[in-house]
Amino acid sequence: MSDIEQLQALYNEADSIVFFGGAGVSTESGIPDFRSANGLYRDFSGVSPEEILSHDFFEAHPEEFFRFYRTKILAPDARPNAAHLALARMERNGKLLGIVTQNIDGLHQMAGSRRVAELHGSVHRNYCQRCGRKYDLGFVADGGGVPRCSCGGIVRPDVVLYGESLPEDAIETALAWISRADFILVAGTSLTVYPAAGLLRYRKRGSRLALINRDATPLDAEAELVIHGKVGEALAQLAL
Ligand code: NAD
């Protein structure tokens, strides 16, 4: 059996599936990931992206934070790729409990997925740190400098910066899905960012695990099937 035939068999035999993904799910939409050969970590000298995207850096240097955020993180023109579209189809067909994503780009929702637990928040939600007023992506993307609310407070993205805790509702939803699923498909993530990657420890005993990732991950040895290829290309070949 080919890799794709094995993946198809896992899909066919499952009743409840969870997809757990990361930045590699969106690289085929033109959004760079962090750690692979073309990732942002190879692209930026001086201060590391991890440091710029930290709570402390944001508080101390909001100008620099928003310059980096607008030029390197935001991708308002990106559109869903074959992976996002296949997952939306899986949800419509009723087998997918949900998507647990570390991505902040909103592309799963743009593809039509409704059951998405966003562990690291979303660039589409922004709020004033002082009065809580909500703003859309355009407000932050289109302006220059530090975006300010009408009350004078800084408008920040509702994304989890390094050093901040993950949203409880997303963790609860993710854990409920992961602990119930009989098949977990992990794709496009280096599985090195915690606590997100640690949620996979809560998978049900006897559940099946497959991985699609260009590079090796710490979970490869535990998976029944590992495909070292592109997630969009692989999912596009499935009959869903
Ligand atoms: P990562 O950059 O650490 O790892 C990405 C992994 O995806 C790599 O192992 C790479 O080999 C693999 N990959 C890249 N393109 C692929 C493809 N087309 N098919 C299959 N595999 C592919 O990403 P991570 O594990 O998600 O952790 C990075 C953190 O950065 C996350 O917290 C995430 O929130 C954030 N991030 C998000 C976005 C986004 O929203 N699109 C983009 C960059 C980073």
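Every chain is numbered independently, its residues counted from 1 as its sequence is written. In view of the model being predicted, local features appear only for residues whose pLDDT reaches at least 70, and side-chain atom pairs are presented and counted only at 80 or more, with totals across whole chains, interfaces and linings using the full set of residues. Side-chain numbers here rest on the full set of heavy atoms in the structure, without hydrogens or water.

Draft legend 1. The overall build of the protein chain, seen in detail. Only DSSP runs of H or I reaching four residues or more are called helices, and only runs of E reaching two or more are called strands; each is numbered from the N terminus. For the protein chain, the count of helices and strands is nine helices and nine strands. Against the compact-globule benchmark of 18 Å for 240 residues, the protein chain has a radius of gyration of 18 Å, which places it among compact chains. C-alpha atoms of the protein chain, sized along the principal axes, occupy 60 × 35 × 30 Å. The cut-offs for exposure are 20% and 50% of the maximum accessible area for each residue type, with area from a 1.4 Å probe on protein chains only; residues under the lower value are buried, those over the upper are exposed, and the others partly exposed. A burial count over the protein chain gives 51% of its 240 residues as buried. Between two residues, a contact is recorded if the distance between any of their heavy atoms is within 4.5 Å. Within the protein chain, counting contacts between residues at least 6 apart in sequence, those at least 24 apart form 65% of the total. Put simply, the radius of gyration uses C-alpha atoms, and a globule should come to 2.2 Å times the residue count raised to 0.38.

Draft legend 2. Structural detail: the site of the ligand. We call a residue near a molecule or strand as soon as one heavy atom of that residue lies within 4 Å of the molecule or strand. If you check the shell around the ligand, you find 28 residues, and the closest are R35, Q102, D105, S190 and D215. Counted as a polar contact is a pair of N or O atoms within 3.5 Å, where, for protein atoms, one must be capable of donating a hydrogen and the other of accepting one, and residues adjacent in sequence contribute only when both atoms are in side chains. Contacts to the ligand include D105, whose side-chain N or O atom sits 2.7 Å from a nitrogen atom. Here an oxygen atom of the ligand sits 2.7 Å away from a polar atom, N or O, in the side chain of T189. Each residue receives one of three labels: charged for Asp, Glu, Lys and Arg, nonpolar for Ala, Val, Leu, Ile, Met, Phe, Trp, Tyr, Cys and Pro, and polar for the others, Gly being one of them. Tallied by class, the residues present in the shell around the ligand amount to eight nonpolar, 13 polar and seven charged.

Draft legend 3. Focus on the environment of S207. As for its placement among the helices and strands, S207 is situated in the loop between β7 (183-187) and β8 (208-212). Placed 20 residues apart in sequence, S207 and A187 show a C-alpha to C-alpha distance of 17 Å. Residue contacts for S207: discarding those within four places in its chain leaves A181 and D182. A polar side-chain atom of S207 sits 2.7 Å from the main-chain carbonyl oxygen of K204.

Draft legend 4. Quick look at the layout of surface pockets. The rule is simple: put a 1 Å grid over the protein atoms alone, call a set of points where a 1.4 Å probe fits but cannot get out a cavity, call an open set with protein on both sides within 12 Å along at least five of seven lines a pocket, and count a residue as lining if it has an atom within 4 Å of a point. Grid points are joined across faces, edges and corners, and a volume is the space filled by probe spheres set on the points. There is about 250 Å³ of room inside the second largest pocket. E118, G121, R125, P167 and D169 are the residues nearest the centre of the second largest pocket, which is lined by 18 residues in total. Elements with a contribution of two residues or more to the lining of the second largest pocket: β3 (116-118), β4 (121-128), β6 (155-159) and α8 (168-180). Sorting elements by how many residues they give to the lining of the second largest pocket places β6 first, with four residues. Looking at the lining of the second largest pocket residue by residue, the class counts come to eight nonpolar, four polar and six charged.

Draft legend 5. Spotlight on unusual backbone geometry. Between Y194 and the following residue, P195, the backbone shows a cis peptide bond with an omega angle of 10°. Among the secondary structure elements, P195 is positioned in the loop between β7 and β8. At L191, a residue that is not glycine, the phi angle is positive and equals roughly 55°.

Draft legend 6. Looking closely at the nonpolar core. In terms of nonpolar packing, the biggest core is built from 26 residues, with L7, F19, F183, L185, A210, I212 and L235 touching the most fellow members. Of all elements in the fold, only α1 (3-13), β1 (17-21), α5 (82-92), β2 (96-101), β7, β8, β9 (225-227) and α9 (231-236) reach the threshold of two or more residues within this core. Within this scheme, the nonpolar core is defined by two criteria: the residues are buried Ala, Val, Leu, Ile, Met, Phe, Trp, Tyr or Cys, and they are joined through side-chain atoms within 4.5 Å.

Draft legend 7. Here's a closer look at the sheet that holds β4. Only strands joined by at least two bridges in the DSSP assignment are considered to pair. Read from one edge of the open sheet, three strands run β5-β4-β6, paired in antiparallel fashion. In this open sheet, the two edge strands, each paired with only one partner strand, are β5 (134-135) and β6. In the sheet, β4 pairs with β5 via two bridges, with the strands oriented antiparallel. If you follow N126 over to β5, its bridge partner there is Y135. Across the face of the sheet, helix α4 (residues 62-73) comes into contact with β4 and β6 while running at roughly 55° to β6. Axis definition: a line fitted to C-alpha atoms, limited for helices to the stretch in contact. Angles are taken between N-to-C directions and run from 0 to 180 degrees.

Any functional reading would require information beyond the geometric quantities listed.
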